Amino acid sequence: MLRGDIEAALWQSITGVEVRFATTPVAITEGPAEVRVLLENADTGAQYSESFDLVVGADGMRSSVRRIVFGPHEDHLTTWNAMICAFELKEQVPTYEASDSIIIARAKRAVWVFGFADHAPTALLTYRTRDIQEQFSGSRVERLRAVFSGMDDDPVVRHVLDSLEEAPDHLFDSVHQVRMPRWSTGRVVLVGDAAWCMNLYSGMGATSSLRGGAALGAALQEHPDDTAAALDAWEAGLRPFITKHQRTARLKQQMFVPSSRRAEVLRSGLVGLARRIRGRRSATEAAGPQTMARSGTSR
Ligand SMILES: Cc1cc2nc3c(=O)[nH]c(=O)nc-3n(C[C@H](O)[C@H](O)[C@H](O)COP(=O)(O)OP(=O)(O)OC[C@H]3O[C@@H](n4cnc5c(N)ncnc54)[C@H](O)[C@@H]3O)c2cc1C
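Every value quoted in this text rests on a predicted model; they were computed, and no experiment measured them.

Enquirer: Help me get a handle on the site of the ligand, residues and values and all.
Expert: In the vicinity of the ligand there are 20 residues, among which Gly60, Gly192, Leu200, Gly205 and Ala206 approach most closely. Going through the elements one at a time, strand 5 (77-88), helix 6 (193-196) and helix 7 (205-222) are the ones with two or more residues in the shell around the ligand. The element best represented in the shell around the ligand is helix 7, accounting for four residues. In the shell around the ligand, the residues fall into nine nonpolar, eight polar and three charged. Both of domain 1 (3-72 + 180-255) and domain 2 (77-175) provide at least three residues apiece to the shell around the ligand.

Enquirer: Which residues make up the confidence of the model for the protein chain, and what values go with them?
Expert: In the predicted model, the protein chain carries a mean pLDDT of 93, and the fraction of residues at 70 or more is 95%. pLDDT under 50 marks residues 288-295. Its contacts with residues more than four places away, or in other chains, come to nine contacts.

Enquirer: Please provide a residue-by-residue account of unusual backbone geometry, values included.
Expert: When glycine is set aside, most residues are seen to have a negative phi, and most peptide bonds are trans. For Asn81, which is not a glycine, the phi torsion comes out positive at approximately 50°. Along the chain, the position of Asn81 falls in strand 5. Despite not being glycine, Thr95 shows a phi value in the positive range, around 80°. Looking at the secondary structure, you find Thr95 in the loop between strand 5 and strand 6 (101-106). The exposed category is assigned to Thr95, around which 9 C-beta atoms lie within 10 Å.

Reading the values: rules and limits
- Residues numbered from 1 in each chain as written.
- Predicted model: local features only at pLDDT ≥ 70, side-chain atom pairs only at ≥ 80, totals over all residues.
- Near = placed C-beta within 6 Å.
- Helix = DSSP H or I, 4+ residues; strand = E, 2+ residues; numbered from the N terminus.
- Nonpolar A, V, L, I, M, F, W, Y, C, P; charged D, E, K, R; others polar.
- Domains from an automatic or database assignment.
- pLDDT = per-residue confidence, 0-100.
- Contact = placed C-beta atoms within 7 Å.
- Buried ≥ 20, exposed ≤ 12 C-beta atoms within 10 Å, placed from the backbone.

Set out below in structure tokens:
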């Protein structure tokens, strides 16, 4: 499922909520019974203040609310020495079905194509590097061609790199996790990637953000007159789930992009084993009323 589909579903289900675009917080000041936020209109530059019972910062990995209230990004973003580039493919890799997913994982470099039943496929290039700053200099296409050189004799990798040159937009960023000892202070609370970004390797970012938001709403309803108690209960209930998935993301990263040649061999052994088990299961299923519909390739 694409992030945009989740966003569309949320848009359909919110009613009675005022949404202001191009509006960003520039200062947040806590008072005894309210929190005052200085807001800026990004189009006009006009600033105005407004007071709230509670400020919820759900503004992603590089959260402005977190920076203003909890301190600079460097205090909370952990280093993973890895980069990603994600974009939509205009066309599926030749000879593959539209909904096929393809994985080519080598030591420190990997190309993933995610096939969807109802969308164009998306491509994810991910690689490990010690010099994150350097990755942001120069042409991105040239950098990715250099990083994936030696793999581009594979038609899948070549198709993805060629498609990147024509893609109208793409996401290119470093990979981090957000680690915080506490997700709220006074009347300001962070949720989702702003508070605990697990990163894409976890595969749990969207799930945990939705779960965190829903649990926060429930906690505030259960403690209508005591925001502090609501925030305490919310964090105590959610923290073990988040910690567990933050930890397993390191392991899952090895499946996305192995850290060494040895990890690559181990990974491919595990994938082969999983495929054999799945093959045995689907043979059993094929004998019954259902067969597997979706195919995929992992190399
Ligand atoms: C390439 C990639 C692949 C991923 N794949 C998966 C996956 O398969 N499964 C999964 O579960 N997760 C995946 N994730 C992670 C998932 O996308 C995030 O964990 C999830 O979107 C976090 O939701 P969020 O609402 O907390 O933050 P975001 O989705 O980052 O949303 C934050 C919002 O805040 C807005 N914002 C930021 N700053 C301001 C500001 N100053 N003023 C106003 N608005 C602001 C942004 O525009 C944005 O709309 C992936 C992430 C990436 C990058």
